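One-letter residues, chain by chain:
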Amino acid sequence: MNDAIPAHGVIDNPWHRLREFTDARIGLGRAGTSLPTRRSLEFQLAHARAQDAVHLPLDVEALCRDLDGLKTGRPIHRLHSLAADRETYLQRPDLGRRLDEASRERLAEADEAPRPAVDLAIAVVDGLSSLAVQQNAPPFLEALIRRLAEDDQDWSLAPLTVVEQGRVAIGDEIGEGLNARAVLVLIGERPGLSSPDSLGLYLTWGPRIGLNDAARNCISNVRPAGFVFDEASRRLMYLLREARAKGLSGVQLKDRTQDDVIESSGGVQNFLIS
């Protein structure tokens, strides 16, 4: 038996070859009955990065500069939730769903009065990973704005908003306040051990205070190592067009962008949906 143990003491797992296809922790091998030191340290590093992503404050000034460079033709408004600080935000999710008084007043003054209806309001929210927002929101929005401009339908935009200490539902108050037919929330998702920088997209038609998650469509894991920006913007455009055509979103609006993905070389459609 001792002859089968390598000199370095680590016994490889034959599944290790699958790691080139996934970030999942599989085929790590073992040293005795434990993980190899290298794999244990990698886990601790990933855990530390996930914790840092939760507590790292959003650099709002830098983000606004990046977003201003997108040339949307609309102003950018900085808002804040009722959660005064990060500790409160983590302990009181309900406070992250509503704007504070100063932000509500700022939103009321953000545009003309009476405010005309617009097709889409976009809210960029720090959420549980400011890292995801800082890195991924500007390039995703660049791809989305390009698609909106190239679409054969016209899309009017509300002023862009950047929200600190916010949750997904805060977009409902923003969309309602800006008289938008739909609201898109870009938010940092809860960090995983292999994805501390995952951006989530939440689309809601007819936003208003009091809606729940059944009213939203979600596109998750938007980042270079996950759902890349161009594909995510393509899928979101499909949902936007369908939401406007049907006047709804959420569980009643199905994403059909991949209905033809599973095909044989003979052109037979996906048997699950044909």
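Conventions we followed
Residues numbered from 1 in each chain as written. Predicted model: local features only at pLDDT ≥ 70, side-chain atom pairs only at ≥ 80, totals over all residues. Heavy atoms only, no water. Helix = DSSP H or I, 4+ residues; strand = E, 2+ residues; numbered from the N terminus. Buried < 20%, exposed > 50% of the residue type's maximum accessible area, 1.4 Å probe, protein only. Contact = heavy atoms within 4.5 Å. Areas by Shrake-Rupley, 256 points an atom, 1.4 Å probe, with all protein chains shown as cover. Phe/Tyr/Trp six-rings, centres within 6.5 Å; stacked < 30°, edge-to-face > 60°. Lys NZ or Arg CZ within 6 Å of the ring centre and 35° of its normal. pLDDT = per-residue confidence, 0-100. Patch = residues over 30% accessible without salt bridge, like charges linked within 9 Å, V, L, I, M, F, W, Y side chains within 5 Å. Salt bridge = Lys/Arg side-chain N within 4 Å of Asp/Glu carboxyl O. Polar contact = N/O pair within 3.5 Å; in protein donor to acceptor, adjacent residues only side chain to side chain.

Draft legend 1. Structural detail: the overall build of the protein. Within the protein, the regular secondary structure consists of seven helices and six strands. If you list the helices and strands of the protein from N to C, you get α-α-β-α-α-β-α-β-α-β-β-β-α. Expressed as a percentage of the 274 residues in the protein, the buried residues total 45%. Sequence separation of at least 24 residues holds for 66% of the intrachain contacts in the protein that already meet a minimum separation of 6. Surface summary for the protein: the accessible area is close to 14,800 Å², and the carbon and sulfur share equals 50%.

Draft legend 2. Focus on the packing of aromatic side chains. Scanning the model with the defined rule gives zero aromatic pairs in all. The ring of Tyr89 carries the charged tip of Arg167 above its face, separated from the ring centre by 4.1 Å. In this structure, Arg244 is placed above the aromatic ring of Trp155, and the distance from its NZ or CZ to the ring centre is 3.7 Å.

Draft legend 3. Representation of the confidence of the model for the protein. Residue-level pLDDT values for the protein average 87, and 89% of them are 70 or greater. Least confident of the elements in the protein is helix α1 (residues 37–55), whose mean pLDDT is 86; most confident is strand β5 (residues 199–205), at 98. Per-residue pLDDT stays below 50 along residues 261–265; that stretch engages in five contacts with residues further than four places along the chain or on separate chains.

Draft legend 4. A look at a nonpolar patch on the surface. Where nonpolar side chains cluster on the molecular surface, the patch consists of Trp15, Leu18 and Phe21 and spans about 390 Å² of accessible area. Residue position: Trp15 is located in the segment before α1. In this structure Trp15 comes out as exposed when scored by relative accessible area, which is 55%.

Draft legend 5. Representation of unusual backbone geometry in the model. A positive phi is found at Gln165, a non-glycine position, where the angle reads about 60°. In this structure, Gln165 sits in the loop between β3 (160–164) and α6 (170–177). If you check the backbone angles, Asn221 has positive phi at about 60° while not being a glycine. Tracing the sequence through the fold places Asn221 in strand β6 (residues 216–222). Take Asn221: its relative accessible area is 27%, and that puts it in the partly exposed class.

Draft legend 6. Representation of the environment of Glu189 in the model. As for its position among the elements, Glu189 is in the loop between β4 (180–188) and β5. Take Glu189: its relative accessible area is 12%, and that puts it in the buried class. For Glu189 and Asp126, which are 63 residues apart along the polypeptide, the C-alpha to C-alpha distance reads 8.9 Å. Discounting chain neighbours no more than four positions away, the residues touching Glu189 are Leu128, Ser129, Ser198, Leu199, Gly200, Tyr202, Ser220 and Asn221. At a separation of 2.5 Å, a polar atom in the side chain of Glu189 contacts the side chain of Ser220. Within the structure, Glu189 has its side chain in polar contact with the backbone nitrogen of Asn221 (distance 3.1 Å).

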